[in-house]
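# Inside the fold
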Amino acid sequence: MARFTDKVVIITGAASGLGLESAVRIGSEGANLVLVDLKEDALEAAKELVLETAPEAKILTVAADVSDEAQVQKYVDATVNEFGKIDGFFNNAGIEGRQNLTEDFGADEFSKVLSVNLNGVFYGMAAVLKVMREQGYGSVLNCASVGGIRGVGNQSAYSASKHGVVGLTRNSAVEYGQYGITINAIAPGAIMTAMVEASLKQMDPENWEEAGMQFVSVNPFKRFGKPEEVASVVAFFLSGEAPFVNGTVLPIDGGQSAKY
Ligand code: NAD
């Protein structure tokens, strides 16, 4: 399948986890990619990995911190300079932050997580949507979380930021449908990536794998999701195959958020 032939897709947080797996998937379907992350060397490794399955892909890497508005504008400008357009945007970079009670969470940690997960998503949307509105087409997919539609506990900033991402998604979807642009969000459950491993290690440094199995024992599938099970959904949203799906927030969680 080559649903992305001649299309240009920006992915933030592309050096690891869901962003990287989505880059591999979308690259394998013919896209030219702009991979954004904090570190140059990790981005180069990501580019090499994508090229293994998509040797023809044109790949631009941009080291940028999504919580810095000027650096966000830099990756958007770099995309337009290199490719002249943006078909799809996976607004994905995020951090989890500390896990503890609300009263112990701390203002600095709260601001730090919000600045990446919420401000970063907003800056990306603002800069990319300006380009897409002028083009008259495009698809934006924000990465929320089940923590953006349910309370998880011990994640004040993460939960607030992801609920914010859901709000931004719905608000902008209402604004931009008239310009031929779709804006949606995914809400992954527990998907085994570096972020989740670090989170489990916060919960139980010694027996984190066991803690993980306990964590997913309440999931209908009784396992973690796999990054490729998210990447295929990301590809669907950005492929142009869902032109009338707008303002939705799709859980990718094995049905866990449907449980009482
Ligand atoms: P990950 O840690 O494997 O990857 C996140 C990537 O984002 C890393 O490469 C990191 O360097 C990058 N990043 C972090 N801060 C950045 C910044 N300020 N600027 C640019 N890049 C930055 O994590 P993941 O699990 O792949 O998470 C990706 C997204 O999915 C996040 O938004 C996360 O909240 C969301 N999510 C993940 C899960 C899960 O279970 N893995 C569940 C729900 C939502």
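For the protein chain, an unreviewed UniProt entry supplies the name Glucose 1-dehydrogenase and the organism Kocuria carniphila. According to the UniProt record, the Sequence similarities (unreviewed entry) comment for the protein chain reads "Belongs to the short-chain dehydrogenases/reductases (SDR) family."

### Describing the site of the ligand
Near the ligand you find 27 residues, and of these Gly-13, Ser-16, Gly-17, Gly-94 and Thr-193 are the closest. When residues of the shell around the ligand are traced back to their parent elements, those giving at least two are helix 1 (17-28), helix 5 (107-135) and helix 7 (194-203).

### What about the UniProt feature "domain: Ketoreductase" (unreviewed entry) in the protein chain?
Under the local residue numbering, the UniProt record ascribes the feature "domain: Ketoreductase" (unreviewed entry) to residues 7-189. Secondary structure over residues 7-189 splits into 52% helix and 19% strand, and the C-alpha atoms at its two ends are 29 Å apart.

### Remarks on helix 6 (residues 156-176)
With 21 residues, helix 6 ought to run about 30 Å at 1.5 Å a step, and its terminal C-alpha atoms sit 30 Å apart, in line with that. Of the residues making up helix 6, those classed as buried are Ser-156, Ala-157, Tyr-158, Ser-159, Ser-161, Lys-162, Val-165, Leu-168, Thr-169, Ser-172 and Tyr-176. Where the residues of helix 6 are buried, they touch helix 4 (102-105), helix 5, strand 5 (138-143), strand 6 (181-188) and strand 7 (249-252).

### Structural notes on the nonpolar core
Ranked by internal contacts, the top residues of the largest apolar core, which has 67 residues, are Val-9, Ala-23 and Val-128. With 10 residues, helix 5 is the largest single contributor of residues to this core. Discounting chain neighbours no more than four positions away, the residues touching Val-128 are Ile-10, Val-76, Ile-86, Phe-89 and Val-140.

### Observations concerning the environment of Leu-60
Topologically, Leu-60 is positioned in strand 3 (residues 59-63). Overall, Leu-60 belongs to the partly exposed group, with 19 C-beta atoms counted inside 10 Å. Beyond its immediate sequence surroundings of up to four residues, Leu-60 is in contact with Val-34, Ala-78, Thr-79 and Glu-82.

### Description of the sheet that holds strand 5
Across the sheet, seven strands lie side by side as 3-2-1-4-5-6-7; this open sheet has parallel pairing. Since the sheet does not close on itself, it has two edges, and those belong to strand 3 and strand 7, each with one partner. On average, adjacent strands in this sheet sit at an angle of 15 degrees to one another, irrespective of strand direction. With four bridges connecting them, strand 6 and strand 7 associate as parallel partners. When the sheet's bridge partners are listed, Ala-187 is paired in strand 7 with Pro-251. Lying over the sheet, helix 2 (residues 40-53) contacts strand 2 (32-37) and strand 3, oriented at roughly 160 degrees with respect to strand 3.

### Some remarks on the pairing of strand 5
In terms of burial, strand 5 is a largely internal element, six of the six residues being buried. Residues Gly-138, Val-140 and Asn-142 line one face of strand 5 and the alternating positions Ser-139, Leu-141 and Cys-143 line the opposite face, and both faces are buried. In this structure, strand 4 (residues 88-91) lies alongside strand 5, joined through four bridges in parallel fashion. The partner of Phe-90 across the bridge, within strand 5, is Leu-141. Sheet analysis places strand 5 next to strand 6, joined by six bridges and oriented parallel. Residue pairing across strands places Leu-141 opposite Asn-184, the latter belonging to strand 6.

### Looking at the packing of helix 1 against helix 2
Two numbers describe how helix 1 lies on helix 2: the axes approach to 8 Å, and their chain directions differ by 35 degrees. The handedness of the crossing between helix 1 and helix 2 comes out as right-handed. From helix 1, Leu-20, Ala-23, Val-24, Gly-27 and Ser-28 reach across to helix 2, where they touch Ala-46, Leu-49, Val-50 and Thr-53. Looking at the contact of helix 1 with helix 2 residue by residue, the classes come out as six nonpolar, three polar and no charged.

### Here's the deal with unusual backbone geometry
Despite not being glycine, Asp-6 has its phi angle at roughly 65 degrees, a positive value. With respect to the element layout, Asp-6 can be found in the segment before strand 1 (8-12). We note that Asn-154 has phi near 65 degrees; this positive angle belongs to a residue other than glycine. Its location among the elements puts Asn-154 in the loop between strand 5 and helix 6.

### Observations regarding the pairing of strand 6
The buried fraction of strand 6 amounts to eight of the eight residues, a majority that puts the element mostly inside the structure. Burial along strand 6 is two-sided: the face carrying Ile-181, Ile-183, Ala-185 and Ala-187 and the face carrying Thr-182, Asn-184, Ile-186 and Pro-188 are both buried. Handedness of the β-α-β unit built from strand 5, helix 6 and strand 6 comes out right-handed.

The rules behind the values
Residue indices follow the written sequence of each chain, beginning from 1 at its first position. Only residues with pLDDT of at least 70 get local features here, since the model is predicted, and only at 80 or more are side-chain atom pairs given and counted; chain-wide, interface and lining totals rely on the full set of residues. UniProt positions are given in the numbering used here, feature names are shortened, and annotations may be inferred rather than shown by experiment. To decide whether a residue is near a molecule or strand, its C-beta atom is placed from the backbone and checked for lying within 6 Å of it. Per the convention used, a helix needs a DSSP run of H or I reaching at least four residues, while a strand needs a run of E reaching at least two, with both numbered from the N terminus. Helices are assigned an expected span. That span is 1.5 Å times one less than the residue count. Neighbour counting defines burial: a residue surrounded by 20 or more other C-beta atoms within 10 Å of its own C-beta is buried, one with 12 or fewer is exposed, and intermediate counts give partly exposed, using backbone-placed C-beta atoms. The contact criterion used is a C-beta to C-beta distance within 7 Å, with each C-beta placed from the backbone. Definition of nonpolar core: a set of buried Ala, Val, Leu, Ile, Met, Phe, Trp, Tyr and Cys residues joined via C-beta atoms within 7 Å. We call two strands paired when DSSP finds no fewer than two bridges between them. Whenever a helix is involved, its axis is fitted only over the stretch in contact; in every case the axis is a line through C-alpha atoms, and angles between N-to-C directions fall within 0 to 180 degrees. For any helix crossing, the convention is left-handed if the near helix is rotated counterclockwise from the far helix by under a right angle, and right-handed if that rotation is clockwise. Nonpolar residues are Ala, Val, Leu, Ile, Met, Phe, Trp, Tyr, Cys and Pro. Charged residues are Asp, Glu, Lys and Arg, and all others, Gly as well, are polar. Whether a crossover is right-handed depends on one test, that the path from the first strand over the helix to the second runs clockwise when the strands point away from the viewer.

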